[in-house]
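A structural walkthrough
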Amino acid sequence: MGAVTSGEMFKINRRDLLTWVGLGSVASSLPIAIAKRVASQPNAASDSSPTASQKLTTTYQFPENFFWGVATSAYQIEGAVSEGGRKPSVWDTFSAIPGRVENGDTGAVACDHYHRYKTDVELMAKLGIKHYRFSIAWPRIIPDGRGKVNEEGVDFYKRLVDCLREHGITPHATLFHWDSPQALEDLYGSWRSREMASDFADYATAVVSRLGDRITNWMTINEIPSFTHMAYAVDKQPPKAPSTRVSSLKEVWQTCHNALLAHGLGCQAIRAASPSSCSVALVADIGVTVPLTESAVDVAAAQQAFHTSWFNGGIIFPVLTGAYSPVMLEKLGADAPAIQSGDLKIIHQPLDSLGINNYTGNYIRAADNKQGFEFLDLPKAYPRMYIPWIHILPESMYWGIRHVSETLGRKNLPIFITENGCAAQDEVNDKGEVIDTDRIMYLRQYLKAAHRAISEGYPLKGYFLWSFMDNFEWESGYSRRFGITYVDYKTQRRIPKASFKWYAECIQQNRVV
Ligand code: PNW
């Protein structure tokens, strides 16, 4: 595939990208016919003898030590963008340009969590969570991207984490959730440069050496495709994410490769700086291939297709196996990133767990073509939540977990669902309540699918619902609400929605209710 023209990149979405990079529908040279592989399929469900949790299937009871949590990210909730020594991130710059974000929204105030973290944490305690995933803002810690550490920025996270711990909530910190320092964009174009990886590692050292006495659960980077492929490659007018467009697919893959290097160097930096033993993970938005039926041939087709989705082949394959998916590299040809010697070793760091962000998936069935499978288009009226890309596929929760465990052959790697949730068209009724039965419907089905994975012996250890409260939903601004807590942005009042009460009941009963 040659250079990508703007026409090809126009109006791109995740599904289009899959096809565009040549991995969605083009026949591959896979030698083995799916049907022949079926006989040798490992099957965790039938291989393992029933566990205690399997016997409890009908009550949807979760294991005693299951981590129930919620997730947020810094730019989406904190606000206070010019306080405490923070300097701009690329999202401050981007959202300030008229027309980029819906309604001209920016993260300047967001949920004002920087000032309201105490009452927010009190509300989390009322919800009953014992685990909270949040992110640390690089531009608060090292406002110029590299160099001097801003201790005032560090102090905010000390206050937050101390408050969490006082409420019996364990912090899980993501080091990078897309808010990179503008200074590094100006200096060398952010992820277009390999320098970003070493600057990220220095930032990780700065954070962990200061907060490692309080935080032992670290996540390096959130969703690499979202700020590389979905940013540098997307020639949409107006652009939907910060970053300068690049002109070839190879350059897009290079930004992604640089982010993988940052993850690897970041893992090393975290372990070197942590004063005690800690847990390190990557957060991945894997491409979940869901078999149309669970016939042996469709299951095998979905497993094969899992290799070719670039979300997987180009991200979790190198991270978890030390090599890009060969099927994918073959398809990319000259568009594959330049890989320097030693890079894959850096990228392939031992991980304590993998975080999966799961919202939706793709249906796959076995097909009589060279590659043996096909991605299925969804009917026009296929049900979605209140944002176009969230098609309701609860089975994607189960299959995402199973594919990482089984298809990638990492059956002992603990898995966390680091995000799952949806937008809904929430309204405050005349009783002052938000009755989001649609969100409850969505969450309940996905949690049942998570339960299925556990009951079949897959190592799902915890679940972080996205999101604790409504927040700045990137290019959609405040127009899309993902929270189980409603935020009245005019008054900053928090209203727990019906889904908040439902989730509290799940946590309390330790099962899907
Ligand atoms: C994730 N898609 O982003 C992010 O980690 C969150 O910051 C975000 O608020 C949340 O999901 C909801 O959007 C995604 O187009 C953005 O498939 C877009 C997609 C997936 C995840």
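Reference entry: report on the structure contained in this document. Chains are numbered independently. Their residues run from 1 in the order of the written sequence. Restriction of local features to residues with pLDDT of at least 70 applies here, the model being predicted, together with a cutoff of 80 or more for giving and counting side-chain atom pairs; totals for whole chains, interfaces and linings are based on all residues. Each side-chain value is worked out from all heavy atoms of the structure, with water and hydrogens disregarded.

1. Concerning the environment of Ile417
- A run of DSSP states H or I qualifies as a helix once it reaches four residues; a run of E qualifies as a strand once it reaches two. Both are numbered from the N-terminal end. With respect to the helices and strands, the residue Ile417 is situated in strand 10 (residues 415-419).
- Buried means the residue's accessible area, taken with a 1.4 Å probe over protein chains only, is under 20% of the maximum for its type, while exposed means over 50%, and partly exposed covers the values in between. By relative accessible area, which is 1% here, Ile417 ends up buried.
- Along the backbone, Ile417 and Trp68 are 349 residues apart, and their C-alpha atoms lie at a distance of 10.0 Å.
- Beyond its immediate sequence surroundings of up to four residues, Ile417 is in contact with Ile356, Met397, Ile401, Leu460, Gly462, Tyr463 and Phe464. A contact between two residues is defined here by any heavy atoms of the two lying within 4.5 Å.

2. Quick look at the sheet that holds strand 6 (residues 289-291)
- The pairing criterion for strands is at least two bridges between them, as found by DSSP. Taken together, the 3 strands give an open sheet; going across it, the order is 6-8-9, and neighbouring strands pair in mixed fashion. What marks the edges here is a single partner per strand, and that holds for strand 6 and strand 9 (373-375). Along the sheet, successive strands turn relative to each other by an average axial angle of 40°, direction set aside.
- Where strand 6 lies against strand 8 (residues 362-366), 3 bridges are found, and the strand directions are parallel. Residue pairing for strand 8: Val290 is matched across the bridge by Tyr363.
- Relative to the sheet, helix 16 (residues 296-308) contacts strand 6, strand 8 and strand 9, its axis offset from that of strand 8 by approximately 120°.
- Axes here mean lines fitted to C-alpha atoms, for a helix over just the part in contact, with angles spanning 0 to 180 degrees between N-to-C directions. Its contacts with the sheet put helix 20 (residues 395-407) on strand 6 and strand 8, and the angle it makes with strand 6 is roughly 110°.

3. A short note on empty space enclosed by the protein
- Grid points spaced at 1 Å over the protein atoms alone were grouped into cavities, where a 1.4 Å probe fits but cannot get out, and pockets, open sets with protein on both sides within 12 Å along at least five of seven lines, with lining residues defined by an atom within 4 Å of a point. Grid points are joined across faces, edges and corners, and a volume is the space filled by probe spheres set on the points. The full count for this structure, using the stated rule, is 2 cavities of 30 Å³ or more.
- Each pocket or cavity is described by its volume, and for the largest cavity that value is around 40 Å³.
- Lining the largest cavity are Thr72, Ser73, Ala74, Ile77, Glu78, His113, Tyr132, Phe134, Ser135, Phe156, Tyr157 and Leu160.
- Approximately 30 Å³ is the volume found for the second largest cavity.
- Along its surface, the second largest cavity is lined by Ala74, Tyr75, Glu78, Gly79, Arg86, Gly107, Ala137, Arg140 and Asp179.
- The residue makeup of the lining of the second largest cavity, split by class, is 3 nonpolar, 2 polar and 4 charged. Gly is put with the polar residues, along with every residue not named as nonpolar or charged; the nonpolar set is Ala, Val, Leu, Ile, Met, Phe, Trp, Tyr, Cys and Pro, and the charged set is Asp, Glu, Lys and Arg.

4. Points about helix 10 (residues 151-166)
- The terminal C-alpha atoms of helix 10, which comprises 16 residues, lie 22 Å apart, in line with the 22 Å expected from a rise of 1.5 Å per residue.
- Gly153, Val154, Phe156, Tyr157, Leu160, Val161, Cys163 and Leu164 are the residues of helix 10 that are buried.
- Looking at the buried positions of helix 10, the neighbouring elements they touch are helix 6 (74-77), helix 8 (113-127), strand 2 (131-135), helix 9 (138-141), strand 3 (170-176) and helix 12 (195-211).
- Downstream of helix 10 by a residue or two, Gly168 has a phi angle that is positive, lying close to 70°. Expected span, for any helix, means 1.5 Å times one less than how many residues it has.

5. Thoughts on the sheet that holds strand 5 (residues 279-284)
- Pairing within the closed barrel is parallel, and its 8 strands lie in the order 1-2-3-4-5-7-10-11. Along the sheet, successive strands turn relative to each other by an average axial angle of 25°, direction set aside.
- Inspection of the sheet shows strand 1 (residues 67-71) paired to strand 2 by 3 bridges, in the parallel sense. Bridged to Ala71 within strand 2 is Arg133.
- In this fold helix 20 packs onto strand 7 (353-357), strand 10 and strand 11 (460-466), with an angle of close to 140° to the strand it touches most, strand 10.
- Helix 22 (residues 498-509) contacts strand 1 and strand 11 of the sheet and is inclined by roughly 155° relative to strand 1.

6. Focus: the pattern of salt bridges
- Salt bridge, as used here, is a side-chain nitrogen of Lys or Arg placed within 4 Å of a carboxyl oxygen of Asp or Glu. Applying the stated rule across the entire model yields 23 salt bridges.
- Here Arg214 ties to Asp162 by a salt bridge, and the two come within 2.8 Å at their closest N and O atoms. Note that Arg214 is positioned in the loop between helix 12 and strand 4 (217-222) and Asp162 in helix 10, a separation of 52 residues in sequence.
- Where Arg439 meets Asp436, a salt bridge forms, and the shortest distance between an N and an O atom there is 2.7 Å. Grouping residues by exposure puts Arg439 and Asp436 together as buried.
- One salt-bridge network, in which partners are shared between bridges, spans Asp426, Asp436, Arg439, Asp470, Arg481 and Lys497.

7. Section: helix 15 (residues 249-273)
- Spanning 25 residues, helix 15 covers 36 Å between terminal C-alpha atoms, matching the ideal 36 Å at 1.5 Å per step.
- When you tally the buried positions in helix 15, you get 19 out of 25 residues, the bulk of the element.

8. A few points about the nonpolar core
- Here, nonpolar core means buried Ala, Val, Leu, Ile, Met, Phe, Trp, Tyr and Cys residues that are tied together by side-chain atoms lying within 4.5 Å of each other. Membership of the largest hydrophobic core comes to 154 residues, with the highest contact counts inside it found for Ile136, Trp218 and Tyr503.
- When residues of this core are assigned to their parent elements, the largest contribution, 12 residues, is made by helix 15.
- Discounting chain neighbours no more than four positions away, the residues touching Ile136 are Ala74, Ile141, Tyr157, Ala173, Thr174, Leu175, Asp179, Tyr203, Val207, Leu211, Ile215 and Trp218.
- One finds Ala301, Ile364, Phe373 and Phe375 within the second-largest nonpolar core, a separate group that totals 6 residues.

9. Some points on the side chain of Arg140
- Following the sequence through the fold, Arg140 ends up in helix 9.
- Overall, the relative accessible area of 1% leaves Arg140 in the buried class.
- At 3.0 Å, the side chain of Arg140 forms a polar contact with the backbone oxygen of Gly79.
- Throughout this description, a polar contact denotes any pair of N or O atoms lying within 3.5 Å of each other; where both atoms belong to protein, one of them has to be capable of donating a hydrogen while the other can accept it, and for residues adjacent in sequence the pair is counted only when both atoms sit in side chains. In terms of polar contacts, Arg140 uses its side chain to reach the backbone carbonyl oxygen of Glu83, at 3.4 Å.

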